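Coordinate analysis (summary)
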Amino acid sequence: MDWFEALILGLIQGLTEYLPVSSSGHLAIGASLFGLDNGESNLAFTVAVHVATVLSTCVILWKEIVWLFADLFKWEWNDGTRYIVNIIISMIPVGIVGLFFKDKVEAVFGSDLIVVGICLLVTASLLAFSYWAKPRQRENISPLHAFIIGIAQAIAVLPGLSRSGSTIATGLLLGNKKEQLAQFSFLMVIPPILGEALLDVKDMAEMGVSQAMGGISTLPLAIGFIAAFISGCFACRWMINIVRRGKLIWFALYCAIVGLAVIIF
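Here's a quick rundown of the structure.

So, how was this worked out
Residues numbered from 1 in each chain as written. Predicted model: local features only at pLDDT ≥ 70, side-chain atom pairs only at ≥ 80, totals over all residues. Heavy atoms only, no water. Salt bridge = Lys/Arg side-chain N within 4 Å of Asp/Glu carboxyl O. Helix = DSSP H or I, 4+ residues; strand = E, 2+ residues; numbered from the N terminus. Buried < 20%, exposed > 50% of the residue type's maximum accessible area, 1.4 Å probe, protein only. Axes fitted to C-alpha atoms, helices over the stretch in contact; angles between N-to-C directions. Parallel < 35°, antiparallel > 145°, perpendicular 65-115°, else oblique. Left-handed = near helix turned anticlockwise from the far one by under 90°. Contact = heavy atoms within 4.5 Å.

Description of the pattern of salt bridges
Tallied over the full model, the rule gives 3 salt bridges. One salt bridge connects Arg 163 with Glu 17, and the closest N-O pair in it is separated by 3.6 Å. In this pair, Arg 163 sits in helix H9 (residues 163–173) while Glu 17 sits in the loop between helix H1 (3–16) and helix H2 (23–33), placing the two residues 146 residues apart along the sequence. Each member of the pair, Arg 163 together with Glu 17, is buried. Of the charged contacts, one joins Arg 82 and Asp 79 as a salt bridge, the two residues approaching to 2.8 Å between their closest N and O atoms.

As structure tokens, this is what we get:
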């Protein structure tokens, strides 16, 4: 992987992690177009760009994160601790998938791009359905809804099935306010991504640094990290505003076009 490929893939990761179009699916498509392996040989790059997007979330939502920790250390039941409990509940399904089905999920990532195309069509259908459905809105995200949204996040480990799109659309279909969903969706992904990164670092240590680097040098790795971080900051802020305005239907159309193109070509 050279610096230009790292730049493009970093930008793709940062933008598509938050936009409801599937970062994993677009990285698989990008890697295929560049003739790169999207598996173990690029493990170090995958870890770098995912950590970069987590940092971009922390930068954009730093006020909310500070509020959560401030309420947590009051050692009382309040809005912040209730929010944190909901995040923990939402992590249960993806934690089960990560601990017990990690190898099977990784096998799907190494399969044909036809899987990406099909999952993009599923993403498009979910976004379209949530756009036209008008359930009665609830004031707060309940623990049960947090768990169901967490199930959507766990299913969205499949390449082409958007994590942000699945969680936000599921929350909308459950009747939660769109103003709350984007923030909850982005905060709830921080622990799973960091946990996955730790598991990947463990795998890197077992396979050796040279193999984990996959032939990528420090410069492309740094460029990919910076590109993912900067584009992630823009995409995170942009997506929060898009969800508030209810403009997800355009992303449904985009996912449908890209999904069909991947399947056909």
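So, next bit.
Some words on the packing of helix H8 (residues 143–155) against helix H10 (residues 178–188)
Packed helices, taken two at a time, are described by their axes: the angle between them and the distance between them. In the contact formed by H8 and H10, the axes pass within 12 Å of each other and the chain directions differ by 60 degrees. Accordingly, the angle class assigned to the pair H8 and H10 is oblique. Taken as a pair, H8 and H10 cross one another with a handedness that is right-handed. Where H8 approaches H10, its residues Ala 146, Ile 149, Gly 150 and Gln 153 are matched on the opposing element by Leu 181, Phe 184 and Met 188.

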